[in-house]
Amino acid sequence: MDNMMEELQSKTAFTIPIFGGIPIADSCVVTWIIMAAVVLLSIIFTHKLKKVPTGSQCILEGVMDWLDKFFTDILGPHGKKYLPFLETLIIYIAFANLIGLFGFVPPTKDINVTAALAGIAIIFVQSAFVIEKGPLKWLKSFLNPINLLDLITRPLSLCMRLFGNVLGAFVVMELVKGLCPIGVPVIASAYFDIFDGLLQAYVFVFLTSLYMAEAIEEEHH
């Protein structure tokens, strides 16, 4: 139990010796590793692209086509310019949730990370509202108390849903490893580390895209 409680705490990986010391959390370091891995994989998969795709290029194009269609169906054709953000978001969260398979602690187990992701998502949604409808309509929208409440509850919901599910999966996996160190953890990992990790990435970005669709929807008079 003591080991589990220690694992649940956000640890400081190292401290930058300036301004009295700036602590860098392990979740931040793992995020840097994810960023480097995504960039490296992007270079590898997009190197020497062919007009007629084969092998890994088929898989890559299939995934990207699915993501394009998924978000376009929600946002509509006029929302295509927001696809790079949403696709980057789901790729990062998916990698963050799956990285536990490689022995790293998922950064999404840190509430600071999920809070930052939720904050970024809502800021982007509100920015899209301003871009599509102008700052005046954006300000007027808050005359409706529900919209003001949504500005608070939506990022909180996104943050706690992702954090709670990832943390819960981590706790369950630690318990399984402690009780049944052989065999069972492999089966449990297939669900909690892979299926549930991908599901939570999907849910987070799906909700974000719904909020964005509501923000940029065309007004009919």
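Whatever comes next refers back to the structure up there.
Residues numbered from 1 in each chain as written. Predicted model: local features only at pLDDT ≥ 70, side-chain atom pairs only at ≥ 80, totals over all residues. Heavy atoms only, no water.

We now examine the overall build of the chain. When you go through the chain residue by residue, the secondary structure sums to eight helices and two strands. Listing each helix as α and each strand as β along the chain from the N terminus yields α-β-β-α-α-α-α-α-α-α. Principal axes of the C-alpha set define a box for the chain whose edges measure 65 × 50 × 40 Å. Split into buried and exposed, the 221 residues of the chain put 34% on the buried side. Pairs at least 24 apart in sequence give 66% of the contacts found in the chain among residues at least 6 apart. Per element, the accessible surface of the chain, about 13,200 Å² overall, is 71% carbon and sulfur. Across the chain, the 14 positively charged side chains and the 19 negatively charged ones have centroids separated by 8 Å. (Helix = DSSP H or I, 4+ residues; strand = E, 2+ residues; numbered from the N terminus. Buried < 20%, exposed > 50% of the residue type's maximum accessible area, 1.4 Å probe, protein only. Contact = heavy atoms within 4.5 Å. Areas by Shrake-Rupley, 256 points an atom, 1.4 Å probe, with all protein chains shown as cover. Lys, Arg positive; Asp, Glu negative; His and termini not counted. Charge placed at Lys NZ, Arg CZ, Asp CG, Glu CD.)

The next thing to look at is a nonpolar patch on the surface. A cluster of nonpolar side chains, contributed by Phe14, Ile16, Ile18, Phe19, Ile22, Trp32 and Met35, occupies part of the molecular surface with about 690 Å² of accessible area. Those elements that provide at least two residues to the nonpolar patch are strand 1 (12-16) and helix 2 (26-46). By secondary structure assignment, the location of phenylalanine 19 is in the loop between strand 1 and strand 2 (22-25). What makes phenylalanine 19 exposed here is its relative accessible area of 78%. (Patch = residues over 30% accessible without salt bridge, like charges linked within 9 Å, V, L, I, M, F, W, Y side chains within 5 Å. Salt bridge = Lys/Arg side-chain N within 4 Å of Asp/Glu carboxyl O.)

Taking 1.5 Å per residue, 16 residues should reach 22 Å; helix 4 (residues 83-98) reaches 22 Å between its end C-alpha atoms and fits that length. Here helix 4 has its buried residues at Leu83, Phe85, Leu86, Glu87, Leu89, Ile90, Tyr92, Ile93, Ala94, Ala96 and Asn97. (Expected span 1.5 Å × (residues − 1).)

In this model, helix 7 (residues 145-179) (35 residues) spans 50 Å end to end at C-alpha, consistent with the 51 Å of a helix rising 1.5 Å per residue. At leucine 151, helix 7 is bent by approximately 30 degrees, the largest bend along its length, and proline proline 155 sits one to four residues beyond. Of the positions making up helix 7, those classed as buried are Arg154, Pro155, Leu158, Cys159, Leu162, Phe163, Val166, Ala169, Phe170, Met173 and Val176. At the N-terminal boundary of helix 7, the capping side chain belongs to asparagine 144, with an oxygen 3.0 Å from the backbone nitrogen of isoleucine 146. (Bend = angle between axes of the 7 residues up to and from the residue. Polar contact = N/O pair within 3.5 Å; in protein donor to acceptor, adjacent residues only side chain to side chain.)

On to the pattern of salt bridges, then. In this structure the tally under the stated criterion is four salt bridges. The salt bridge partner of glutamate 132 is lysine 81, with a shortest N-O separation of 2.9 Å. Residue glutamate 132 is found in helix 5 (residues 111-133), and its partner lysine 81 is found in the loop between helix 3 (56-75) and helix 4; the two are separated by 51 residues along the sequence. A relative accessible area of 30% places glutamate 132 in the partly exposed class. A network of salt bridges, in which partner residues are shared, links Asp150, Arg154 and Glu214.

Relative to strand 2, strand 1 is paired through four bridges, and the arrangement is antiparallel. Note that in strand 2 the partner of threonine 15 across the bridge is proline 23. Adjacent in sequence and paired antiparallel, strand 1 and strand 2 are bridged by five residues, among which phenylalanine 19 carries a positive phi angle near 50 degrees. (Pairing = 2+ DSSP bridges.)

A few words on the packing of helix 5 against helix 7. Where helix 5 meets helix 7, the closest approach of the two axes is 8 Å, and the angle between their N-to-C directions is 140 degrees. On the basis of their axis angle, the class for helix 5 and helix 7 is oblique. Note that helix 5 runs across helix 7; the crossing there is right-handed. Between helix 5 and helix 7, the contacting residues are Ile111, Thr114, Ala115, Leu117, Ala118, Ala121, Ile122 and Gln126 on the first element and Leu151, Arg154, Pro155, Leu158, Cys159, Met160, Leu162 and Phe163 on the second. Here the contact of helix 5 with helix 7 is built from residues that sort into 13 nonpolar, two polar and one charged. (Axes fitted to C-alpha atoms, helices over the stretch in contact; angles between N-to-C directions. Parallel < 35°, antiparallel > 145°, perpendicular 65-115°, else oblique. Left-handed = near helix turned anticlockwise from the far one by under 90°. Nonpolar A, V, L, I, M, F, W, Y, C, P; charged D, E, K, R; others polar.)

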